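Descriptive analysis of the structure
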Amino acid sequence: MRRLAIMIMLAATLGLGQATPASAAASDAWITAKAKMALLTTDGVHATAVNVDTVDGRVTLHGTVPTEAEKAKAGEVAQKIDGVKEVRNVLQVVPAKKQSAAAASDDAVKDRVSKALKADGALEGSSISVQSVNDGVALLGGEAKTMSAHLRAVEDASRVPGVRRVTSEIKSPDALADAEIRRDETRGPAKHANERNLGGAASDMWITSATKMRLLADSVTPALDINVDTRDGVVTLFGMVRSAAAKRAAEADARKVDGVKQVMNELQVVPKSKQEMLKASDEDIERSVEQAIDKYPTLEQADVEVEVKNGVVRLSGSVPTEQDRLQAAVAARSARGVRSVVPDALLVSAAK
């Protein structure tokens, strides 16, 4: 009966039938992938610091953009995706940092993008290359085996130091293949090479979807209040739950998903009566942390994203050096109201 309940829940949320843009409701995984791709390739939107989360067709945009105009445009882009019921735009407007006068040359940037694409095993089977880089704008071309591979290539390029924006002329399927977002549970763990080697964005999407499905099927966990993020098999749970038991149950659900290498449980235990009050307080703390980080001249070249839940600050994005990573954490911890700082998703991405 539990397996039947899980399968019914999955059908309702992800669409076990032919869940594509042509169906009654596009799957959350498909909407997220299309929204990310659109944001990363739309002129006038610097989306490398924009996160997309979709639950039941409702998209939440969070992260940072340099202007109010870009925030509004990002919301418009997301709203145009097929299947989107609602867009919650909570992007923070943070003025763009001054660019280094000694910016990397386009030739050097192109070389780094090319190496990043070749080094990503998730792109095996696709023929994707960087066609050109002009003033930091990278143009990708070729063919992607799957929509997930297309997204992965755009993400790889966008993280390369010196890339300001990615334009894509990659040809790829316009829908996620079944294998990209789900597997037949009756068969247990992957038994074939093509199942085990989904890799990269495809595997991460499947893990995220499967984790959300388990959370939705678990009566102990408030699934709609839990954010799930997966990168290279590492699952991060972020949000607020009402009890320690719910926090433990959510982590246990995530660990049961095939392919999960590690679970970072950053869920905060907050009684329901205090959650609304804390959400308002968290917004104030988030602004204070951003202002504290902006005060450090050494962090001008950093791209730091701030999220706050119950006074706990999570830093993500990239910084040039390990010293900058430490400095950002110290700056965040110094802000009024901060209980602790989690810098696990803040990566060092120095130019080579």
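For the structure given in this document, a descriptive report is provided here. (Residues numbered from 1 in each chain as written. Predicted model: local features only at pLDDT ≥ 70, side-chain atom pairs only at ≥ 80, totals over all residues. Heavy atoms only, no water.)

The subject of this paragraph is the packing of helix H2 (residues 28-41) against helix H5 (residues 147-158). The N-to-C vectors of H2 and H5 enclose an angle of 40°; their axes lie 10 Å apart at closest approach. Put simply, H2 runs oblique to H5. Note that H2 runs across H5; the crossing there is left-handed. Judged by residue contacts, Trp 30, Ala 33, Lys 34, Lys 36, Met 37, Leu 40 and Thr 41 of H2 engage Met 147, His 150, Leu 151, Val 154, Glu 155 and Ser 158 from H5. In the contact of H2 with H5, the residues fall into 7 nonpolar, 3 polar and 3 charged. (Axes fitted to C-alpha atoms, helices over the stretch in contact; angles between N-to-C directions. Helix = DSSP H or I, 4+ residues; strand = E, 2+ residues; numbered from the N terminus. Parallel < 35°, antiparallel > 145°, perpendicular 65-115°, else oblique. Left-handed = near helix turned anticlockwise from the far one by under 90°. Contact = heavy atoms within 4.5 Å. Nonpolar A, V, L, I, M, F, W, Y, C, P; charged D, E, K, R; others polar.)

Attention shifts here to the packing of aromatic side chains. Applying the stated rule across the entire model yields 0 aromatic pairs. Against the face of Phe 238 rests Arg 314, its NZ or CZ located 5.7 Å from the ring centre. (Phe/Tyr/Trp six-rings, centres within 6.5 Å; stacked < 30°, edge-to-face > 60°. Lys NZ or Arg CZ within 6 Å of the ring centre and 35° of its normal.)

Bringing the layout of surface pockets into the picture now. A probe as big as a water molecule, rolled over the atoms, marks out the empty space that is left. Here the second largest pocket defines a volume of roughly 930 Å³. Taken together, 30 residues form the lining of the second largest pocket, with Thr 60, Arg 88, Val 90, Asn 227 and Lys 309 sitting closest to its centre. Those elements that place two or more of their residues in the lining of the second largest pocket are strand S1 (50-55), strand S2 (58-65), strand S3 (86-89), strand S8 (226-231), strand S9 (234-241), helix H10 (272-294) and strand S11 (303-309). Counting residues per element, the lining of the second largest pocket draws most heavily on H10, at 6 residues. Of the residues in the lining of the second largest pocket, the class split is 9 nonpolar, 8 polar and 13 charged. (1 Å grid on protein atoms, 1.4 Å probe; cavity = no way out; pocket = protein on both sides within 12 Å on 5 of 7 lines; lining within 4 Å. Points joined across faces, edges and corners; volume = space filled by probe spheres on them.)

Once that is clear, we can look at helix H11 (residues 322-333). Along an α-helix, residues three or four apart share an orientation, since each turn contains 3.6 residues. With 12 residues, H11 extends 17 Å from end C-alpha to end C-alpha; this agrees with the ideal 16 Å at 1.5 Å per step. For H11, every residue scored as buried is listed here: Asp 324, Ala 328, Ala 329, Ala 331 and Ala 332. Viewed end-on, H11 has its buried residues packed into an arc of 160°, placing them on one side of the element. (Expected span 1.5 Å × (residues − 1). Buried < 20%, exposed > 50% of the residue type's maximum accessible area, 1.4 Å probe, protein only. Arc of directions from axis to C-beta.)

Attention now moves to the sheet that holds S9. Pairing between sheet strands relies on hydrogen bonds along the backbone, with the strands arranged either parallel or antiparallel. Taken in spatial order, the 3 strands line up as S8-S9-S10 in an open sheet, and their pairing is mixed. Two strands bound the open sheet, and with one partner strand each, they are S8 and strand S10 (262-269). The average undirected angle you get between the axes of adjacent strands in this sheet is 10°. Alignment of S8 against S9, held across 6 bridges, turns out to be antiparallel. Paired with Asp 229 across the strands is Thr 236, a residue of S9. (Pairing = 2+ DSSP bridges.)

The terminal C-alpha atoms of H2, which comprises 14 residues, lie 20 Å apart, in line with the 20 Å expected from a rise of 1.5 Å per residue. A large share of H2 lies buried, amounting to 11 of its 14 residues. Within the span of H2, buried status applies to Asp 28, Ala 29, Trp 30, Ile 31, Thr 32, Ala 33, Ala 35, Met 37, Ala 38, Leu 39 and Leu 40.

Sheet analysis places S9 next to S10, joined by 8 bridges and oriented parallel. Counterpart to Phe 238 in the pairing with S10 is Glu 266. Handedness of the crossover is the feature at issue here: the chain leaves S9, passes through helix H9 (residues 244-255), returns alongside S10, and the resulting connection is right-handed. (Right-handed = clockwise from strand over helix to strand, strands pointing away.)

For the rest of this paragraph, the subject is the sheet that holds strand S7 (residues 165-168). Strand order in the open sheet made by the 3 strands is S5-S6-S7, with mixed pairing throughout. The open sheet has two edge strands with one neighbour each: strand S5 (127-134) and S7. Ignoring which end each strand starts from, the neighbouring axes of this sheet average 25° apart. Sheet analysis places strand S6 (residues 137-143) next to S7, joined by 4 bridges and oriented parallel. Within the sheet, the bridge partner assigned to Leu 140 lies in S7 and is Ser 168. Running over the sheet, H5 touches S5, S6 and S7 and is turned about 150° from S7.

Let's shift gears to the pattern of salt bridges. Taken as a whole and judged by the stated rule, the model has 9 salt bridges. Asp 111 serves as the salt-bridge partner of Lys 115, at 3.3 Å between the closest nitrogen and oxygen. In this pair, Lys 115 and Asp 111 are both assigned in helix H4 (residues 106-119), 4 residues apart and thus about one turn of the helix distant. Assessed through its relative accessible area of 55%, Lys 115 is described here as exposed. A residue is classified by how much of its surface remains accessible, and Asp 111, at 40% relative accessible area, is partly exposed. Residues Glu 251 and Arg 255 are paired through a salt bridge, measuring 2.7 Å at the closest nitrogen-oxygen approach. Pair noted here: Glu 251 and Arg 255 are both in helix H9, with a separation of 4 residues, about one helical turn. Residue classification places Glu 251 among the partly exposed residues on the basis of a relative accessible area of 22%. (Salt bridge = Lys/Arg side-chain N within 4 Å of Asp/Glu carboxyl O.)

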